[in-house]
Amino acid sequence: MNLGFMLPFYITFCVAAFLLQMNIDQPSIPVKGYSIVWQDEFSGVNLDLTKWNYRGTGRRENAFIVPWTVKLDGRGCLVISAINRNDSVFTGMIATEHIKEFTYGYFECRAKFARTPGTISAFWLQSKTINWPASTPEKNGAEIDIFEFFPNANNSHVFHTLHWGGYEPGHHRVEGPVLGKLEPKGDDFHIIGMEWHENGYTLYVDGNMTYSGNSFVSHVDEFIVLSLGVNEGSAGRLKKGMLPDQFIVDYVRVYQKK
């Protein structure tokens, strides 16, 4: 065999394989200049407790937040379930609180939302000091709702909302909600991302920019939250007969500039 003749083809094959691996390792995102710094692909069968805490356990609005509603399906997805037992609703919430926080970056989640009216599938950031004290919001960060999905209100859009100034009456400030249109997907999974930098926020739904603004910009560390909520005050009447339902998350990834 003429190895000299085969060498150019071998080099071409190696380069192509390298570029393919690069595309796998560095997924395409709608912003430039960022590298991945944190991620959870939800591999295995147990939640990685070096990355997440169970958050807010106990009564929350119209449900009970409990750890046993949060599981990995063994096929690469996180599943947060809403379950009706003896006329009580149980659901779940996890966060990187006390483990990992971020200031600025591009945050992305691929997810399939619960469709039962009255539920809220959500991917959001929150600072640990948002309410301490509310009189100095510029130092205390915000709640940044990258997406919330309200089946009662709109089945074809997610909601983007910004909260700051604490949660007490007279201090709480809100920007939004702004609607982000969901592109039709055969598997019902959608990719929602947000670029947060020192001058504002830009949000993307299925690759399309849906919001850009700077009404209030957080400049402090924020932790990530994934939740399936039940709040009849904001999400409408819960149709318990449709439960159980699930909020399914394929991945969460965080990118930052060097």
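The coordinates are above.
Residues numbered from 1 in each chain as written. Predicted model: local features only at pLDDT ≥ 70, side-chain atom pairs only at ≥ 80, totals over all residues. Heavy atoms only, no water.

**A look at the pattern of salt bridges**
Here's step 1: Inspection of the entire model under this criterion finds 6 salt bridges.
Here's step 2: For the salt bridge of Lys240 with Asp87, the shortest nitrogen-to-oxygen distance reads 3.1 Å. One end of the pair, Lys240, is in the loop between α3 (232-235) and β18 (245-256); the other, Asp87, is in the loop between β6 (78-85) and β7 (88-91), and 153 residues separate them in sequence.
Here's step 3: A salt bridge links Asp250 to Arg110; the nearest nitrogen and oxygen atoms lie 2.9 Å apart. (Salt bridge = Lys/Arg side-chain N within 4 Å of Asp/Glu carboxyl O. Helix = DSSP H or I, 4+ residues; strand = E, 2+ residues; numbered from the N terminus.)

**What about the environment of Ile83?**
Here's step 1: Within the secondary structure layout, Ile83 lies in strand β6.
Here's step 2: When the C-alpha atoms of Ile83 and Ala63 are compared, they prove to be 9.4 Å apart, with 20 residues separating the residues in sequence.
Here's step 3: Not counting chain neighbours up to four residues away, the residues in contact with Ile83 comprise Trp68, Ser88, Val89, Phe90, Leu243 and Pro244. (Contact = heavy atoms within 4.5 Å.)

**Here's the deal with the nonpolar core**
Here's step 1: If you look at the biggest cluster of nonpolar residues, it comprises 48 residues, and the most contacted ones within it are Leu78, Phe107, Ile224, Leu226 and Val252.
Here's step 2: It is strand β11 (residues 142-149) that provides the largest number of residues to this core, a total of 5 residues.
Here's step 3: Those residues in contact with Phe107, other than ones at most four positions away along the chain, are Phe102, Phe123, Leu125, Ile146, Ile192, Gly193, Met194, Trp196, Ile224, Arg253 and Val254.
Here's step 4: If you look at the next biggest cluster of nonpolar residues, it comprises 7 residues, including Met93, Ala95, Trp124 and Phe223. (Core = buried A, V, L, I, M, F, W, Y, C linked by side-chain atoms within 4.5 Å. Buried < 20%, exposed > 50% of the residue type's maximum accessible area, 1.4 Å probe, protein only.)

**Observations regarding the sheet that holds β11**
Here's step 1: One open sheet holds the 7 strands; their spatial order is β2-β8-β17-β10-β11-β12-β13, and the pairing between them is antiparallel. Looking at which strands have only one partner, the edges of the open sheet turn out to be β2 (53-54) and β13 (173-181).
Here's step 2: Of the strand pairs in this sheet, strand β10 (residues 119-126) and β11 are connected by 6 bridges, and their pairing is antiparallel. From the neighbouring strand, Ala122 faces β11, where its bridge partner is Glu148. (Pairing = 2+ DSSP bridges.)

**A few points about unusual backbone geometry**
The bulk of non-glycine residues show a negative phi, and the bulk of peptide bonds are trans.
Here's step 1: For the peptide bond that leads from Gly176 to Pro177, omega is 10 degrees, which places it in the cis range.
Here's step 2: Relative to the helices and strands, Pro177 is located in strand β13.
Here's step 3: Between Leu243 and Pro244 the backbone carries a cis peptide bond, its omega angle lying at 10 degrees.
Here's step 4: Here Pro244 shows up in the loop between α3 and β18.
Here's step 5: Look at Asn86: it is not a glycine, yet its phi comes out positive at around 55 degrees.
Here's step 6: Structurally, Asn86 is set in the loop between β6 and β7.
Here's step 7: A relative accessible area of 80% means that Asn86 is categorised as exposed.
Here's step 8: Of note, Asp188 is a non-glycine position whose phi angle comes to about 65 degrees, a positive value.
Here's step 9: Relative to the helices and strands, Asp188 resides in the loop between β13 and β14 (190-197).

**Topic: the packing of aromatic side chains**
Note on aromatic pairs: each is described by the distance of the centres and the angle between the planes.
Here's step 1: Counted according to the given criterion, the structure contains 16 aromatic pairs.
Here's step 2: Seen in terms of ring centroids, Tyr106 and Tyr204 are 6.4 Å apart; in terms of plane orientation they differ by 65 degrees. Their pairing is edge-to-face. Note that Tyr106 is positioned in strand β9 (residues 105-112) and Tyr204 in strand β15 (residues 200-205), a separation of 98 residues in sequence.
Here's step 3: Look at Tyr204 and you get buried, because its relative accessible area is 11%. (Phe/Tyr/Trp six-rings, centres within 6.5 Å; stacked < 30°, edge-to-face > 60°.)

**Section: the side chain of Thr119**
Here's step 1: Looking at the element boundaries, Thr119 is found in strand β10.
Here's step 2: Classification of Thr119 by relative accessible area gives buried; the value is 0%.
Here's step 3: Within the structure, Thr119 has its side chain in polar contact with the backbone oxygen of Thr116 (distance 2.7 Å).
Here's step 4: Ignoring anything within four residues of it in the chain, the contact list for Thr119 reads Ala114, Phe149, Phe150, Pro151, Leu228, Gly229, Ala235 and Leu238. (Polar contact = N/O pair within 3.5 Å; in protein donor to acceptor, adjacent residues only side chain to side chain.)

**A short note on the pairing of β6**
For a regular strand, the rule is simple: side chains alternate between the two faces of the sheet.
Here's step 1: Extensive coverage of β6 is indicated by the burial of 6 of its 8 residues.
Here's step 2: From the end of strand β5 (residues 70-72) to the start of β6, which pair antiparallel, there are 5 residues, and Gly74 there has a positive phi angle of about 80 degrees.
Here's step 3: Note: β6 against β18, 5 bridges, orientation antiparallel. Bridging across to β18, Leu78 finds its partner in Val249.
Here's step 4: Alignment of β6 against β7, held across 3 bridges, turns out to be antiparallel. By the bridge assignment for β7, Asn84 is matched with Val89.
Here's step 5: Taking the residues between adjacent antiparallel strands as the criterion, β6 and β7 are bridged by 2 residues, where Asn86 takes a positive phi near 55 degrees.

The values reported here are purely geometric and, on their own, carry no functional implication.
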